[in-house]
Structures are given as structure tokens and as C-alpha cells.
Amino acid sequence: MKALKWLIPVLLLGANAVQAQDSSYRFFMKLPGHTSDVESVAYSFDGKMMASGGWDNRIMVYRADTPGIGQLLFTLEGHFSAITSLAFSRDGKMLASGSKDFSVKVWDLSLGRLITTFSQHTDAVNRVYFDNTGKNVMTCSNDGTMQILDIARVAKPKVLKVGQPVNAFVQHPDRKSFLVATTGPEILQVDPTGKVLKRLAGHTDQVNNIQLSADNKTLISCSHDKTVIVWDVVNGKALRTLKGHNWKVTSVILSADGRYIVSGGNDGEVRVWETATGTQLALVKGMCVNVRGVSLSPNQTRLVVGGYLPEGSFGVLMYETPLVRVQATPAKPGATTGKPGATPAKPGTTPAKPGTTPAKPGTTPAKPPVTTPAKPTTRPAKPGTTPPRAKP
């Protein structure tokens, strides 16, 4: 996406206009449908769909590619409390959802219907994932367990007892253990029996979310302590700590190519960082009172943000980004590498003469100004609605 030189107010939100402080993250659209605050967002692996879950107990599935971007495809209903986590299967045919109603549901996205419901957890479900086979859903909960659930219900649920609320987890690259984020400041490496093999120390408060890079070398985490940490998975050491948020960091994701980290927090801010250096590249603020979920499209050109918007407004905010996904393409044997930015010569044409002067590299844009907003306050519960949300 092109970097723009202005800030665009969101007129859809009336008097409480939303702005992007970093003008290179241009507001694109607000996805309608929710009637209460949004708690979770997720993109499908192919980037064709995006889903959101909210405190209205509903899941909205939207078209995320063009033409027709933002079109509401399905409204999925069946949960009895807020949807805390969403995950698409790799083939895009199913969606898994976890909720504060203690249940996990799996949905058929070709028809927009429920496939099955799992009710084994005894407390709020915090994260759901599909395993690599697409046949199982992996979950974690405040009840202190992680579970592997067979969608076809052929195998019995496998339960791993951690003994304390589990906010998030990923499978360790050794494929024999898990990395687990709990209500404590350490990330635990546990085996299938729940035995702690290693403790990753670096945060000073509850760890809210973790994600593993595609190459299985880097782990990122976010915490109540206002920081994001980048870890070396092999030795369990913290490589760098990213500071900038003014309140609890509730969500964090890696871009598809692993080059960027996006974090969101209770301070209502979304920050974009460079993974390799920890440099803050962008700050997007003012659009939410409290950011609950962030997600990048697989091609990294769109950012969606779910959270608590100014009073009386609900929905998911979508922004255009200047991020470009880098995919390493190996050169063909015997091929000659052209100059950076040059257009490859057509077969049979005479190559350009040597000695041409390459274009000067672009200058690095100045960082956007950072201001510290007032901490958001929790809105009182509306009469007849689900009990007030507890911020992690």
C-alpha cells in the first residue's frame, strides 16, 4: 500500500472520529454487523476471508479479498458469551471458535453451519488452533488444561493438565512438548504430562499471548508488563524487549514472512515493530479505547483491529499498510542476477551496457510522534447483557 501524507478521519463513527497517527496506515473501512464490542479477529490462510467475534455472542465472517471486500458472508450464532478466539483451518473450509461460555465450536464455511460443539472445558476458553492435519482442534482454558479435540469425534479428547490458567500455547519445534503462556510472568515448556522442562524468564507480569515464527526459530510474547519480547526458541533466551505501550499488551502477531510484529494493548494503541532489530516502525492510535485483537492479511497489505470503540460504536476496523511480504525465490541455475530494481531483459534482447549508475536508495522515513494517551476506563455493563468483561 502507498504511504499517504495525511490523516483520514472515520466519519462512520460520528463525533468520535478515528484517526491513524501514522499516516502510512490509512483507514480503509469499518466492517459492520456487530452490536457489541469485538474481542477476536482472524484472517484465513489464503486471505480470502476474515472473521471476528464479539460480546454480542456472534461471529461475523467477511470476504477479505477484492472485489467485494468487506461483504458479510455469514453470521454464526450459538455461543452464549463472548468469543475469545478464532482460527481458520489451513484449507479455509472450517472455522474454530472458543468462548467465555466454556465451549469450543467448529463451523462449516461452505454452508455457514455448525459442525460440532465441544464442552469439555470447565472455564473460559482462551485460544483455539487447528493442528497441521486439520482433523483436530487444540485449545487452552482458564481451567488449567490444554486439550486436543477430534472434530470427527472418533478419538477421545486428549487433556494436558498445566495446573494454572493457560492464556495461549504453541507446539515446541521438537514436536514433543509445548510452550505455554499462563497467568505468571514465565513462559513454560511442558511435556505431554504437564511436567515443566524449561522456564523462559523475561516478563515481569502475566503473559497474554505467544506466537511461533514459521521457521520455528523465533517466539514472540506480550504481557501485562506493557512489553513484547522476542525469544530464541532454541536456547530459550530473550533476544530483545520491545517497549512503547502504556498499558497491558493484550495481543501480538507475526507477519507471514516473520519480518514484522504487530501488537495491540489496553492503551488503545497498535504498534508495528521490525522483528530483527526491535525498532518501532509505526504507531496507530485513537481508533480504539482498548485493542483486543489484531490480524494481518497473509500478503500483509491490510491490518484489522478488533476492540472497544468509542461509546455507541461497534465493528472491526481495517487499515491499509505499507508492508510488503517478502518471499525468497531461489534463482534458476545459471541465471544472471540483475541490478536491484531493474526489469529483467526479455529473451533474445541485448543486455544493458555495464557501468550504469544504480538509483540511490530511499531515505528512511522519520518515526511518527508518540504521545501517551490517558488510560481507558472500563464501561459499565449494560442492563440485561453478559457480565462485565474482565481485562486480562
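Everything here concerns the structure above.
Remember, predicted model here, so these are calculated numbers, not experimental data.

A closer look at the overall build of the protein chain
And step 1. Secondary structure summary: the protein chain contains zero helices and 28 strands in total.
And step 2. Burial status across the protein chain gives 52% buried among its 392 residues.
And step 3. Here the protein chain has roughly 18900 Å² of accessible surface; of this, 56% comes from carbon and sulfur atoms.

Details of the sheet that holds strand E7 (residues 94-99)
And step 1. If you trace the four strands from one edge of the open sheet to the other, you get E6-E7-E8-E9, paired in antiparallel fashion. In the strand order of this sheet, the two ends are held by strand E6 (83-88) and strand E9 (113-118), each with one partner. Across this sheet, the average inter-strand angle for adjacent strands is 20°, counted without regard to direction.
And step 2. In the sheet, strand E8 (residues 104-108) pairs with E9 via five bridges, with the strands oriented antiparallel. The residue of E9 that forms the bridge with Val 104 is Phe 118.

Observations concerning the sheet that holds strand E20 (residues 227-232)
And step 1. The strand order across the open sheet built from four strands is E18-E19-E20-E21, with neighbouring strands paired in antiparallel fashion. Of all the strands in the sheet, the pair left with one neighbour each is strand E18 (207-212) and strand E21 (237-243). In this sheet, adjacent strand axes meet at a mean angle of 20° when their direction is disregarded.

Regarding the pairing of strand E25 (residues 280-285)
And step 1. E25 sits mainly inside the fold: five of its six residues count as buried.
And step 2. Across five bridges, the pairing between strand E24 (residues 269-274) and E25 is antiparallel. Paired with Glu 269 across the strands is Lys 285, a residue of E25.
And step 3. Where E24 hands over to E25, the hairpin turn is made up of five residues, of which Gly 278 adopts a positive phi near 80°.

Let's talk about the side chain of Ser 40
And step 1. As for its placement among the helices and strands, Ser 40 is situated in strand E2 (residues 38-43).
And step 2. Given a relative accessible area of 5%, Ser 40 falls into the buried group.
And step 3. For Ser 40, the side chain forms a polar contact with the main-chain oxygen of Ile 83, separated by 3.1 Å.
And step 4. With residues near it in sequence (within four places) discarded, Ser 40 still touches Ala 51, Ser 52, Gly 53, Ile 83, Thr 84, Ser 85 and Leu 86.

Quick notes on the packing of aromatic side chains
Two numbers describe a pair of aromatic rings. These are the distance of the centres and the angle of the planes.
And step 1. One pass over the structure, following the stated rule, counts three aromatic pairs.
And step 2. When the centroid spacing of 5.7 Å and the interplanar angle of 80° are considered together, the rings of Phe 27 and Tyr 319 count as edge-to-face. Of this pair, Phe 27 sits in strand E1 (residues 26-31) while Tyr 319 is found in strand E28 (residues 316-320), placing the two residues 292 residues apart along the sequence.
And step 3. Measuring from ring centre to ring centre gives 6.0 Å for Phe 169 and Phe 178, while their planes differ by 70°; the resulting arrangement is edge-to-face. As far as the burial class goes, Phe 169 and Phe 178 line up, both buried.
And step 4. Following the ring pairs from residue to residue traces out a cluster consisting of Tyr 129, Phe 169 and Phe 178.
And step 5. Over the aromatic face of Phe 45 sits the side chain of Arg 90, whose NZ or CZ is 4.2 Å from the ring centroid.
And step 6. Over the ring of Phe 28 we find Arg 302, and its NZ or CZ is 4.0 Å from the ring centre.

Re the environment of Ile 261
And step 1. Here Ile 261 lies in strand E23 (residues 260-265).
And step 2. C-alpha separation for the pair Ile 261 and Arg 271, spaced 10 residues apart in sequence, amounts to 8.1 Å.
And step 3. Once you skip the residues sitting within four places of it in the chain, Ile 261 turns out to touch Ile 220, Val 228, Val 230, Leu 242, Val 252, Ile 253, Leu 254, Arg 271, Val 272, Trp 273 and Thr 275.

Focus: the nonpolar core
And step 1. Core analysis: the biggest nonpolar cluster contains 20 residues, and Val 262, Val 270, Met 287, Val 294, Leu 303 and Val 305 have the highest contact counts within it.
And step 2. Those elements giving two or more residues to this core turn out to be E23, E24, E25, strand E26 (290-296), strand E27 (302-308) and E28.
And step 3. Residues in contact with Val 305, not counting those within four places in the same chain, are Val 270, Met 287, Cys 288, Val 291, Gly 293, Val 294, Val 316 and Leu 317.

How each quantity is defined
- Residues numbered from 1 in each chain as written.
- Predicted model: local features only at pLDDT ≥ 70, side-chain atom pairs only at ≥ 80, totals over all residues.
- Heavy atoms only, no water.
- Helix = DSSP H or I, 4+ residues; strand = E, 2+ residues; numbered from the N terminus.
- Buried < 20%, exposed > 50% of the residue type's maximum accessible area, 1.4 Å probe, protein only.
- Areas by Shrake-Rupley, 256 points an atom, 1.4 Å probe, with all protein chains shown as cover.
- Pairing = 2+ DSSP bridges.
- Axes fitted to C-alpha atoms, helices over the stretch in contact; angles between N-to-C directions.
- Polar contact = N/O pair within 3.5 Å; in protein donor to acceptor, adjacent residues only side chain to side chain.
- Contact = heavy atoms within 4.5 Å.
- Phe/Tyr/Trp six-rings, centres within 6.5 Å; stacked < 30°, edge-to-face > 60°.
- Lys NZ or Arg CZ within 6 Å of the ring centre and 35° of its normal.
- Core = buried A, V, L, I, M, F, W, Y, C linked by side-chain atoms within 4.5 Å.

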